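Next come the chains, spelled out residue by residue.
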Amino acid sequence: MNPTPRPTRTRTRSRRALLCAALLALAVQTAAAPALASRPEGPNGPGGPGGPGHGGRDCVRTERPLDGKARRILDITRKAKSDLKLKSVELRVTVDGREVVTDALGESMTGVPAEPDMHFRAGSVAFAHIGTALLQLVEEGRVDLDDTVEQWLPTVPKADRITLRMLASNTTGLHDYVTDPAFLAELVPHPFRRWTPAQLLSYPYSHSFWYEPGTNWSYSHANYLLLATALEKITGTRIDRLVEERVTGPLGMRDTRNSFTPDIPRPVLHAFTSDRGFYEESTFWNPSWTTAPGAVITTHICDLATSARAIGSGELLSYRSYRTLLDPGTVGLGGATATCPASICLKQTEAKHFGLGVIVVNGWVLQNPSFSGYAAIQAYLPSKGLAIAVSATKTPNTPDGNMAELVAERIAAALAPNDPLAIT
């Protein structure tokens, strides 16, 4: 039986914590686009499947003794874990696809050490995979990014004016149900509830659009829920299978998978949160609200590092598509209007912006899921071939926000001091 939440403080803190998935991604104002000239060769080149970073070895701690760089990264991570009062931190750092260090600190549960091969929820990392799959379909001539969606999604408001590009780049003007007080009033007291797409979409559909589609920028989970549905209709393939065929399979990410239930493959990195005003386990809260069925993924830290490098380098894309991944037309959009406040319609600059399923920050290409006690980040700096993957879980005293980001920022500051991973 769950304790009764403390009314006022709980409501405020719950809402603040539950908004992490949206609001941290909204720290999307990022810095200069990656150096495209430094992009690795394609799938059959040095960075491709079967090359560095892909292999059959288990996800385990780096063999000892560690070299100086690995020791330095671990020292930074240990201090960050202590400073941020984290329960666990898992990390993997690679350069040009080659391991620098892999480790796990702290506990999954009391008395159970965290291990690198433990699985955790990866949330919006799926958006990067779906965006890459969409661009592959464009390359093949199956669709055009500027196709409107009424032929696949005829019941969507303004379907004749919303394009696939707008869904993938968050420029539709649809409200985000994750920040809707009416949605939160249902989600907070019922963390095990299973949500359907129709139930989730009823919240943004109950509001007028923030702006005319394509004319501004605002983050909305509804966009990727709709995009996944459109891709299923375009290809006749379920979104989990489509992403496995086109992204995670070719990259050898055998431990990244979708679940249609709240289950997580074993071994499990357990999560805990104070979202509802008291510290409780949240490992098996139902994540069906986060995105479309078939795109609710779990992973481990080694697969997350593979994803960081492959997505961030455009390994599975042509050079032209990679440029679109980094800027599908979002740079220059954003900003307050008479109908959209500055806190929603965020300015997208060359330095900081949302790409097509990714966030670009000071040359880094990343995704940063955070919800229900899980926090993670995959980040890649093309100019240095540097991939950083971090997962973190909380104690009762952990500050609000995505603490995996802060750990990654400290590691990045040591390894790439001239390219700050300054997300917030």
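Here the structure is shown first, and the text comes after it.
Only a predicted model underlies this, so the values are computations on that prediction, with no experimental measurement involved.

About the criteria used
- Residues numbered from 1 in each chain as written.
- Predicted model: local features only at pLDDT ≥ 70, side-chain atom pairs only at ≥ 80, totals over all residues.
- Heavy atoms only, no water.
- Salt bridge = Lys/Arg side-chain N within 4 Å of Asp/Glu carboxyl O.
- Helix = DSSP H or I, 4+ residues; strand = E, 2+ residues; numbered from the N terminus.
- Buried < 20%, exposed > 50% of the residue type's maximum accessible area, 1.4 Å probe, protein only.
- Expected span 1.5 Å × (residues − 1).
- Axes fitted to C-alpha atoms, helices over the stretch in contact; angles between N-to-C directions.
- Left-handed = near helix turned anticlockwise from the far one by under 90°.
- Contact = heavy atoms within 4.5 Å.
- Nonpolar A, V, L, I, M, F, W, Y, C, P; charged D, E, K, R; others polar.
- Phe/Tyr/Trp six-rings, centres within 6.5 Å; stacked < 30°, edge-to-face > 60°.
- Pairing = 2+ DSSP bridges.
- Core = buried A, V, L, I, M, F, W, Y, C linked by side-chain atoms within 4.5 Å.

### Notes on the pattern of salt bridges
- In the structure shown here, the tally under the stated rule is 20 salt bridges.
- In this structure, the salt-bridge partner of R64 is D103, at a minimum N-O distance of 2.6 Å. In this pair, R64 is assigned in the loop between helix 2 (20–23) and helix 3 (68–83) and D103 in strand 2 (residues 98–109), connecting sequence segments 39 residues apart.
- Overall, R64 belongs to the partly exposed group, its relative accessible area being 45%.
- Taking relative accessible area as the criterion, D103 reaches 2% and is therefore assigned buried.
- Of the charged contacts in the structure, one is a salt bridge between D146 and R165, with a shortest N-O distance of 2.8 Å. Of the two residues, D146 is situated in the loop between helix 4 (125–139) and helix 5 (164–169) and R165 in helix 5; the sequence distance between them amounts to 19 residues.
- Overall, R165 belongs to the partly exposed group, its relative accessible area being 24%.
- Members of the salt-bridge network, linked through shared partners, are R61, R64, D103 and E115.

### Quick look at helix 4
- For helix 4, which comprises 15 residues, the first-to-last C-alpha distance of 22 Å matches the rise-based estimate of 21 Å (1.5 Å per residue) to within 8%.
- Burial analysis of helix 4 places 13 of its 15 residues in the buried class, which makes it a mostly covered element.
- After helix 4 finishes, the residue G141 shows a positive phi value of roughly 80 degrees.

### Describing the packing of helix 3 against helix 12 (residues 403–415)
- Relative orientation of the contacting elements helix 3 and helix 12 amounts to 145 degrees, with a least axis distance of 9 Å. At the point where helix 3 passes helix 12, the crossing takes the right-handed sense. Of the residues in helix 12, those touching helix 3 at K69, R72, I73, I76, T77, K79, A80 and D83 are V407, R410, I411, A414 and L415.
- When grouped by side-chain class, the residues that make up the contact of helix 3 with helix 12 number 7 nonpolar, 1 polar and 5 charged.

### Side note on the packing of aromatic side chains
- Counting across every chain of the model gives 10 aromatic pairs.
- Note on Y177 and F183: the rings are 5.3 Å apart at their centroids and 75 degrees apart in plane angle, and the pair reads as edge-to-face. F183 matches Y177 in its accessibility class, with the two residues each being buried.
- Residues W217 and F354 carry aromatic rings whose centres are separated by 5.8 Å and whose planes lie at 40 degrees to one another, so their mutual orientation is tilted. Here F354 lies in strand 9 (residues 352–354) and W217 lies in the loop between helix 7 (197–205) and helix 8 (221–235), a separation of 137 residues in the sequence.
- You can call F354 buried: its relative accessible area is 0%.
- Every member of this aromatic cluster is reached through a ring pair, and the members are Y177, F183, W195, Y203, W289 and F371.

### Focus on the pairing of strand 11 (residues 364–367)
- Going residue by residue along strand 11, you find W364 and L366 tucked away on one face and V365 and Q367 tucked away on the opposite face as well.
- The pairing of strand 10 (residues 359–361) with strand 11 spans 3 bridges and is antiparallel. Across the sheet, residue I359 finds its bridge partner in strand 11, namely L366.
- What sits between the antiparallel neighbours strand 10 and strand 11 is a turn of 2 residues, in which N362 has the positive phi angle 50 degrees.
- Here 3 bridges tie strand 11 to strand 13 (residues 374–381), and the two strands are oriented antiparallel to one another. Bridged to V365 within strand 13 is Y380.

### Describing the pairing of strand 13
- In terms of residue burial, strand 13 counts as a mostly covered element, since 8 of its 8 residues are buried.
- Neither face of strand 13 is open: one carries Y374, A376, Q378 and Y380, the other A375, I377, A379 and L381, and all of them are buried.
- Here strand 12 (residues 370–371) pairs with strand 13 via 2 bridges, running antiparallel. Paired with F371 across the two strands is Y374, which belongs to strand 13.
- Where strand 12 folds back on strand 13, the antiparallel hairpin that results is connected by 2 residues, among which S372 adopts a positive phi of roughly 50 degrees.
- The pairing of strand 13 with strand 14 (residues 386–394) spans 7 bridges and is antiparallel. Its bridge partner lying in strand 14, Q378 is registered against A389.

### Notes on the nonpolar core
- W364, V390 and I411 are the most contacted members of the largest nonpolar core, which totals 121 residues.
- When residues no more than four places from it in sequence are discounted, the contact partners of W364 are I359, A379, Y380, L381, L386, I388, A412, A416, D419, P420 and L421.

### Some words on unusual backbone geometry
- In this structure, P65 follows R64 across a cis peptide bond, with omega equal to 0 degrees.
- Here P65 shows up in the loop between helix 2 and helix 3.
- That bond from R266 to P267 is cis: its omega, -5 degrees, falls within 30 degrees of zero.
- For P267, the position within the fold is in the loop between strand 5 (257–258) and strand 6 (272–273).
- Not every positive phi belongs to a glycine, and K158 is a case in point at roughly 60 degrees.
- Mapped onto the elements of the fold, K158 is located in the loop between helix 4 and helix 5.
- Residue K158 is classed as partly exposed on the basis of its relative accessible area, which comes to 24%.

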